[in-house]
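# Topology and contacts: notes
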Amino acid sequence: MAKNTICLWYDKDAEEAANFYAGVFPDSRVTAVHRAPGDYPSGKKGDVLTVEFTVAGIPCLGLNGGSYFHHSEAFSFQIETEDQEETDRYWNAIVGNGGQESECGWCKDKWGLSWQITPRVLTEAMAAGGEEASRAFAAMMTMGKIDVAAIEAARRG
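Calculation criteria
Residues numbered from 1 in each chain as written. Predicted model: local features only at pLDDT ≥ 70, side-chain atom pairs only at ≥ 80, totals over all residues. Heavy atoms only, no water. Helix = DSSP H or I, 4+ residues; strand = E, 2+ residues; numbered from the N terminus. Buried < 20%, exposed > 50% of the residue type's maximum accessible area, 1.4 Å probe, protein only. Lys, Arg positive; Asp, Glu negative; His and termini not counted. Salt bridge = Lys/Arg side-chain N within 4 Å of Asp/Glu carboxyl O. Polar contact = N/O pair within 3.5 Å; in protein donor to acceptor, adjacent residues only side chain to side chain. Contact = heavy atoms within 4.5 Å. Patch = residues over 30% accessible without salt bridge, like charges linked within 9 Å, V, L, I, M, F, W, Y side chains within 5 Å. Areas by Shrake-Rupley, 256 points an atom, 1.4 Å probe, with all protein chains shown as cover. Arc of directions from axis to C-beta. Phe/Tyr/Trp six-rings, centres within 6.5 Å; stacked < 30°, edge-to-face > 60°. Pairing = 2+ DSSP bridges. 1 Å grid on protein atoms, 1.4 Å probe; cavity = no way out; pocket = protein on both sides within 12 Å on 5 of 7 lines; lining within 4 Å. Points joined across faces, edges and corners; volume = space filled by probe spheres on them.

## Quick look at the side chain of glutamate 86
As for its position among the elements, glutamate 86 is in helix H2 (residues 84-96). The buried charged residue glutamate 86 lacks any salt bridge, with arginine 89 as its nearest oppositely charged partner at 4.1 Å. Within the local environment of glutamate 86, its side chain forms a polar contact with the backbone nitrogen of glutamate 82, the two atoms lying 2.7 Å apart. Once residues within four sequence positions are removed from consideration, glutamate 86 is found in contact with Glu80 and Thr81.

## A short note on a nonpolar patch on the surface
On the surface, Met126, Phe137 and Met141 cluster together into a nonpolar patch covering about 280 Å² of accessible area. With respect to the helices, strands and loops of the structure, methionine 126 is situated in helix H3 (residues 120-128). According to the relative accessible area criterion, methionine 126 is partly exposed, its value standing at 36%.

## Notes on helix H1 (residues 14-24)
Quick reminder: α-helices carry 3.6 residues per turn. Residues three or four places apart thus point the same way. Among the residues of H1, Ala14, Ala17, Ala18, Phe20, Tyr21 and Val24 are the ones counted as buried. Take H1 and look down its axis: the buried residues cluster within an arc of 160°, on one side only.

## Let's talk about the packing of aromatic side chains
Taken as a whole and judged by the stated rule, the model has 10 aromatic pairs. An angle of 90° between the planes, with centres 4.9 Å apart, marks the rings of tryptophan 9 and phenylalanine 69 as edge-to-face. A residue pair is termed long-range when its members are at least 10 positions apart, and tryptophan 9 in strand E1 (residues 6-10) and phenylalanine 69 in the loop between strand E4 (58-64) and strand E5 (76-81) qualify at 60 residues. The class for tryptophan 9 is partly exposed, based on a relative accessible area of 26%.

## Comments concerning the sheet that holds strand E6 (residues 100-101)
With mixed pairing, four strands are arranged side by side in an open sheet as E5-E8-E7-E6. With partners counted over all chains shown, the strands left at the sheet margins are E5 and E6, one partner each.

## Some words on the layout of surface pockets
Empty space within the largest pocket amounts to approximately 160 Å³. In terms of lining residues, the largest pocket is bounded by Trp9, Tyr10, Asp11, Asp13, Gly66, Ser67, Phe69, His70, His71, Trp111 and Gly112.

## A short note on unusual backbone geometry
Phi is positive for aspartate 27, close to 55°, though the residue is something other than glycine. Tracing the chain through its elements places aspartate 27 in the loop between H1 and strand E2 (29-35). We note that alanine 56 has phi near 50°; this positive angle belongs to a residue other than glycine. Since its relative accessible area comes to 35%, alanine 56 is described here as partly exposed.

Here it is, written out as structure tokens:
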């Protein structure tokens, strides 16, 4: 396990979530599944307790801790995309698998984890600053899933 690993709390679906992420995002995989050596407050001996996995190169640990805690927008994965096709693919995978659309490139997966599907053109526009960033920002504020062509048009003015 990496020295710094993101621990994500799930009710009981850490393995399902990890397998989903591994199937959607490049440089993602499930590396280990650990079963509980004994009964615990939200599970029984032999249940999946933790899952080690990587999401887009980021090491994670899924913990099946029960329904005590829930994901919030205070934590999200930001996935950079190259074009509309890649943006659509990730957005549709998350939303189409029981997830939920939000605003400004944000969506939630069916486990309540937030994702920012962010085309590179938007990041570059914001980094440019000035009027270009202002126009791109104003365009983004009207969107759910980011429309790459609309951001490019806003950048140009």
